[in-house]
Amino acid sequence: MNDSPPLIIVGNGIAGTTLARQARKKSTRPILLISEEHPYFFSRTALMYVYMGHLTFEHTQPYESHFWKKNNITLLQERVTGFDPQKKEVFLAKGETLAYGDLVWAVGSRPNRFGWPGEQARRVQGLYHKQDLDQLEAWSPEIKEAVIVGGGLIGIELAEMLHSRGKKVCFLVRENSFWKSVLPTEDAALLNQHILQHGIDLRLNTELERIETDEKGNAMGVVTSKGERIQCQYVGLTAGVHPNIDFLKDSTLNCNRGILVNRFLETNLPNVYAIGDCAEQKEPVAGRRSIEAVWYTGRMMGETLAQTLCETKTAYQPGPWFNSAKFFDIEYQTYGQVSSTPKPDEENQWFWQHPQKNILLRWAFHPDTHRLMGINSFGIRIRHEVMHDWLLSDTTVETALENFPAATFDPEFTQNYQPEIQAAFQHQFSH
Amino acid sequence: MNRFTSLSVKSLFTVLGWIGLILLLLPLSNLSSPETWILLASLATLSIGVVGYAYFQYRGELPGIKNNGVFTNSLSARGVWGWSVGVLLTAFYITLYFYPEWLGYRSEGASVGMVALFDPLSQLLNGQPASQWFLYGTLYTLAILVFGVKFLIKYRHSRYQIIRTGSVMFFQLGFAFLLPELLTLLHPDTPYFAKDFKNMWPLNYYFFEDWHVKNMLNGGSLGLFTLGMGLAMIFIISPILTYRYGKRWYCSWVCGCGALAETAGDSFRQLSSKKISVWKLERWMIHVVLVFITLTTLAVLWSFLGSPKNPTGISREIFSYSAIVFFSLLLAAIWFGKRNELHADARFALVGIGVIIIGILCIQLFSGDRHLLGISSYTLRKWYGFGIGAAFSGVLGVGFYPLLGSRVWCRFGCPMAAILGFQQRILSRFRITTNGGQCISCGNCSAYCEMGIDVRSYAQKGQNIVRSSCVGCGICSEVCPRGVLKLENGPVANRTDRPDYPLGNLMDHLDAQ
């Protein structure tokens, strides 16, 4: 048996759990995985399906409970309140301390709040943790009308959730389009239209002014920046997330918005690391943001740090960016770089949209060389492997269009639109 | 149409469906005699009830995945409705298999009650009065058709699902129902043999029984065609199609059991257990059934070939030597060609089963005993017919849809699925490809897998899914919110590779620098 102090991982989301699993594959050292939220790893992105009745909460747990014992990964459900980097100990809420050999912060995010009047009222929440879901379920019978504030991924998920349970949903979006910060105009317009088609009261260019409450402190309506009053029994605050590190602010750990790490995911303290949503890259990977709060980057940081801790020191080097989402019935995948407002001399964009169906394909490529830079796809599944290779090699957009069927991943018999797409592209660019 | 009127229209169709059911059961009481108009009215109202309900259920919604409330609904989540339907279905199957006289079936003289109700349709199709099996076949086919229409409306956004469902509806109506009845009508004097050409051994477990072989041999050109087709299906057509497309060509495109599971059973697909312990149980059970039916069939043929009236000209000895050579070659080919693709327990089982079957054949050959292992083949087949054919595939297989999911029989019992699955695992172009690193471990694919495969456990590792039990229904791919899964046929090599990490992380490139 290995009696050295354990690798303590605080947070059992995708980053922390990936690290624990990969470290166990490479090493026999003791591993302790601590989470306040839930004893077992679950898929956070799947919580919406529990509320909608597509899944039970148990379905969101990728491993059966015997998995952890079999792999000798110790689980602990407890709140960590701080740590002592000199003594190499972490503090638990009930007063205990635990010695660590290496300590990894993988504590995720928290929903943003902007000091809106009434934001502390009952039936007002963000949606992030399992506890938020339980709370929403408990309030659900009281909700007939809901207002959601913030036009991003969690906002539209929450809209879909509430809508599926027959609640009337009003969706306030500050910008003139849904997910404006990420999506180019036509892409966002496709989604705006789809959201409306589903019967969501989408209000663009509208901000939250304040939340009104009744005498018992329950939310009962909101007032918008346009001075309108909207009656509701629930307010979802989904204007983004930030690293969940308030409890570390007084420690000697260097933090900015998140815990600052170098490319090896090391913090300023020896044997202390940070991965996932809570980590902020001091020197971000070229073309990428310093904090990337998505599932895939959390997983990659976990894989990388396991290599460093158990084998050879390895820098975090994610491949071409990719992400995906589903907006009601429209599947979205993106690979590489597709800017919402491209700079004309750096990035050219061209899109094809189906005249009736919810299908849109946007190509980003270099204006001079036509080298493929990225793709946004709505309604067509894209084969990651092919796109990954195209983006790493200097593939031109013409070559990509020519070979597009190899890059699709739709089910068999799905209609192939390549001839139309290629013809439209040639029509526009051949002269 | 708003929610309220949609709800009341749906209630109307529910009432219609119940009226159809009551009309169907009416002849069981003494209140009415079985009349043609009752049969027509009953089948019509049942069909309109189901299709109308489905139409108004989905018409107001945009095309897409329709799983809202599946795990909170009483019918689909083992609530009161689920249990009630389970009890009713089970009672129906027990009656059908063991007490058909309660349905009005009479072995002597004309049937009465519910069975007699189906006489006019039976007379029309095959020129004979209805049996309880004609009644069952009609209702079974009707269920596949009407719930098939429901499935088509539900999955109207997916061409794979539309074409696949059209296929199961076509094969059930044409090959399983109409064609055998019409062939009987055209050949009224030939003895009975199974005329559903797609229903091959061992799913049709009596194909090689002495009476069935005799009837085929005495059945004129149609009988010989049936025998030849049956052998061709087992030894030529099925291996080729399974190699090219996986076992889905049969299990979710052609098979009648699969057809019912995919249509009427669709509301219950999510109830199959995904636990690793249940997977272990499944592997034991389905292979034990396969060995049992193989031995039973060998025993039946052994006794048949030994009888003085053996019309085939094939002696027991030739049969035994051929069987020993066949199984030895099969075992050797798998062992030397594919053993590296099998886990230790699968290799152990493979060799164990092969040795048992060959051993028994050898003992038999040299002992010259009249019965295989001293048990009469009649006893063996009676056990199989009762235990597997009736109790497992019918009562448990369909009766327990709302409790254990729609593919209980296919997963734990069907020897056909075992054979096709074995080939799919070691020699087929089929796989479900995982789309690089896009999996978010949400669990929809696993939850909606009717075969209880933990699809996610492969997808989240970026690994392809190559499993013997996969019937290729394609629902995992449909319910995936991130476009991660694709059923496809491709080169056999590297199908089962396991990447170190899902695609997306370049750290290995960096190490190389």
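Bear in mind that the values here come from a model prediction, so they are computed numbers and not experimental data.

A.B. asks: Mind showing me how you'd approach the interface of chain A and chain B here?
C.D. replies: Many analyses report the size of an interface as the accessible area lost when the parts associate. Each partner contributes to the interface: chain A provides 62 residues, whereas chain B provides 59 residues. With both sides pooled, the region where chain A packs onto chain B buries about 4,900 Å², and carbon together with sulfur makes up 50% of that total. Three residues stand out in chain A for area buried against chain B, namely Phe409, Glu412 and Phe413 of chain A, and they jointly supply 15% of the buried area on that side. The interface formed by chain A and chain B contains 2 salt bridges. Among the ionic pairs, Glu412 of chain A bridges to Arg248 of chain B, the shortest N-O distance being 2.8 Å. Across the chain A-chain B interface, the total number found is 34 residue pairs in polar contact (both at pLDDT 80 or more). Listing elements by their share of the side of chain A that touches chain B, those giving two or more residues are helix H1 (14-26), helix H5 (153-164), helix H6 (185-197), helix H7 (295-310), strand S21 (322-327), strand S22 (330-336) and helix H8 (384-392) of chain A. Considering only residue class, the side of chain A that touches chain B consists of 19 nonpolar, 29 polar and 14 charged.

A.B. asks: Looking at this structure, how should I read the environment of Lys168 of chain A?
C.D. replies: Residue and element names in this part refer to chain A. Structurally, the position occupied by Lys168 is in strand S11 (residues 168-172). Judged by its relative accessible area of 57%, Lys168 is exposed. For the pair Lys168 and Ala146, spaced 22 residues apart in sequence, the C-alpha to C-alpha distance is 6.1 Å. Each residue touching Lys168, except ones within four places of it in the same chain, is listed here: Lys144, Glu145 and Ala146.

A.B. asks: Mind showing me how you'd approach the pairing of S21 of chain A here?
C.D. replies: Across a regular strand the side chains alternate sides, sitting on one face of the sheet and then on the other. All names here are of chain A. Counting buried residues in S21 gives 6 out of 6 residues, a clear majority hidden from the surface. Here S21 shows two buried faces, one formed by Phe322, Ser324 and Lys326 and the other by Asn323, Ala325 and Phe327. Two elements, S21 and S22, share 6 bridges in a ladder whose sense is antiparallel. By the bridge assignment for S22, Ala325 is matched with Tyr332.

A.B. asks: Explain the sheet that holds strand S13 (residues 208-213) of chain A here, please?
C.D. replies: In a beta sheet, neighbouring strands are held together by backbone hydrogen bonds and run either parallel or antiparallel to one another. Residues and elements named next belong to chain A. With antiparallel pairing, 3 strands are arranged side by side in an open sheet as S13-S14-S15. In this open sheet, the two strands that pair with only one neighbour each are S13 and strand S15 (229-231). Each neighbouring strand pair of the sheet contributes to a mean axis angle of 25°, computed without reference to strand direction. For S13 and strand S14 (residues 219-224), the ladder comprises 5 bridges, and the chain directions are antiparallel. Among the inter-strand pairings, Arg210 is bridged to a residue of S14, identified as Val223.

A.B. asks: I'm lost on the side chain of Gln418 of chain A in this one. Help?
C.D. replies: Residue placement: Gln418 of chain A occurs in helix H10 (residues 418-429). Apart from the residues lying within four places of it in its own chain, the contact partners of Gln418 of chain A are Leu401, Glu402, Asn403, Phe404 and Pro405 of chain A.

A.B. asks: What's the story with the domain arrangement of chain B in this structure? I'm lost.
C.D. replies: Residue and element names in this part refer to chain B. Here chain B is partitioned into domain 1 (1-61 + 99-182), domain 2 (190-428) and domain 3 (430-513). The centre of domain 1, based on its C-alpha atoms, is set 30 Å off from the matching centre of domain 2. Counting from both sides, the interface comprises 21 residues of domain 1 and, opposite them, 18 residues of domain 2. In this assembly, domain 1 packs against domain 2 so that about 1,700 Å² is buried in total across both faces, 64% of it on carbon and sulfur atoms. Looking only at domain 1, the three residues that lose the most surface to domain 2 are Tyr140, Arg164 and Val168, adding up to 28% of its buried area. Among the ionic pairs, Glu262 bridges to Arg164, the shortest N-O distance being 3.4 Å. At the boundary of domain 1 with domain 2, the tally comes to 10 residue pairs in polar contact (both at pLDDT 80 or more). Of all elements in the fold, only helix H6 (132-154) and helix H7 (159-186) reach the threshold of two or more residues within the side of domain 1 that touches domain 2. Examining the composition of the side of domain 1 that touches domain 2, we find that 12 residues originate from one element, H7, more than from any other. Looking at the side of domain 1 that touches domain 2 residue by residue, the classes come out as 14 nonpolar, 4 polar and 3 charged.

What counts and how
- Residues numbered from 1 in each chain as written.
- Chains lettered and ligands numbered in written order.
- Predicted model: local features only at pLDDT ≥ 70, side-chain atom pairs only at ≥ 80, totals over all residues.
- Heavy atoms only, no water.
- Contact = heavy atoms within 4.5 Å.
- Buried area = accessible area lost by both parts, 1.4 Å probe.
- Salt bridge = Lys/Arg side-chain N within 4 Å of Asp/Glu carboxyl O.
- Polar contact = N/O pair within 3.5 Å; in protein donor to acceptor, adjacent residues only side chain to side chain.
- Helix = DSSP H or I, 4+ residues; strand = E, 2+ residues; numbered from the N terminus.
- Nonpolar A, V, L, I, M, F, W, Y, C, P; charged D, E, K, R; others polar.
- Buried < 20%, exposed > 50% of the residue type's maximum accessible area, 1.4 Å probe, protein only.
- Pairing = 2+ DSSP bridges.
- Axes fitted to C-alpha atoms, helices over the stretch in contact; angles between N-to-C directions.
- Domains from an automatic or database assignment.

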